[in-house]
Amino acid sequence: MKYILAAVIAYLLGSVCSSIPLSKRCKGVDIRTKGSGNAGATNVARVFGIRAGFITLGLDMAKTVAAMLIGQQLCGVMGEAISGAFCIIGHCFPLYFGFKGGKGVSVGAALGLMTGIPVFAAIIGVFLVTAFISRKVSLGSMLAAVSLPIFSILFGAETPIVIVNVFSAMLVIVMHRENIRRLINGTEGDFKPGKSC
């Protein structure tokens, strides 16, 4: 029952996509009707500016950390892993917003943070280097996601955490399938932040 409770709490927390109410308050619009149509921090930054993007990233990471800490208190490392998995599911398919949310990148970043500071620093490094060289945030996000389980193993994370990080990487890749098509076709645009609201 504790595992189920951890999963339910994490999914409900994950379903709180901060970008949607933030965009409505900022400009009176739903972020999912602008830019890429995604509710993630990157699209918020693209449409409403870097500051709004970082606020969204911070809030989405905070909900993930909270969910995983609750899971950890309920049933240890397994509860933490289950909570991480259901939080990213909730973020991508939010109950409160018609099951149309983000692509899991900010939650994946929080999973890295909860895995350990060295892992978090490593995946952020992968993201920054890739995004800077390619000017493609989507490519940086995907490579950072793929590197998460790799660094988790290299830095000796516990098996349940490695498994949830593998799941996270797979989901992030699936959620970026349209970006992958555009990257292959050479039509993926460079990242350009919008004006602050």
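Placed above this text is the structure.
Residues numbered from 1 in each chain as written. Predicted model: local features only at pLDDT ≥ 70, side-chain atom pairs only at ≥ 80, totals over all residues. Heavy atoms only, no water.

Peer 1: Would you mind going over the overall build of the protein chain with me for this structure?
Peer 2: Scanning the protein chain for helices and strands turns up nine helices and zero strands. Along the chain direction, N to C, the helices and strands of the protein chain fall in the order α-α-α-α-α-α-α-α-α. On C-alpha atoms alone, the protein chain measures out to a radius of gyration of 16 Å, which is about the 16 Å that the 2.2 N^0.38 rule sets for 197 residues. Expressed along its principal axes, the backbone C-alpha trace of the protein chain runs to roughly 45 × 35 × 25 Å. Between the centroid of the 18 positive side chains of the protein chain and the centroid of its 7 negative side chains there is a distance of 10 Å. (Helix = DSSP H or I, 4+ residues; strand = E, 2+ residues; numbered from the N terminus. Rg over C-alpha atoms; globule rule 2.2 N^0.38 Å. Lys, Arg positive; Asp, Glu negative; His and termini not counted. Charge placed at Lys NZ, Arg CZ, Asp CG, Glu CD.)

Peer 1: Is there a simple way to think about the side chain of Lys63 in this case?
Peer 2: With respect to the element layout, Lys63 can be found in helix H4 (residues 50-92). Taking relative accessible area as the criterion, Lys63 reaches 9% and is therefore assigned buried. From its side chain, Lys63 meets the backbone oxygen of Val16 in a polar contact 3.0 Å long. Contacts of Lys63, omitting those with residues within four sequence positions, involve Leu13, Gly14, Val16, Cys17, Cys87, His91 and Val107. (Buried < 20%, exposed > 50% of the residue type's maximum accessible area, 1.4 Å probe, protein only. Polar contact = N/O pair within 3.5 Å; in protein donor to acceptor, adjacent residues only side chain to side chain. Contact = heavy atoms within 4.5 Å.)

Peer 1: Looking at this model, I keep getting lost on helix H1 (residues 2-14). Mind explaining?
Peer 2: Count 3.6 residues to each turn of an α-helix, and residues three or four apart come out pointing the same way. If you check H1, its first and last C-alpha atoms are 18 Å apart, about what 13 residues at 1.5 Å a residue would give, namely 18 Å. Of the residues making up H1, those classed as buried are Ala6, Ala7, Ala10, Tyr11 and Gly14. Take H1 and look down its axis: the buried residues cluster within an arc of 125 degrees, on one side only. Exposed residues on H1 whose side chains face more than 90 degrees from its buried face are Lys2 and Ile4. (Expected span 1.5 Å × (residues − 1). Arc of directions from axis to C-beta.)

Keep in mind these numbers describe shape, not what the thing actually does.
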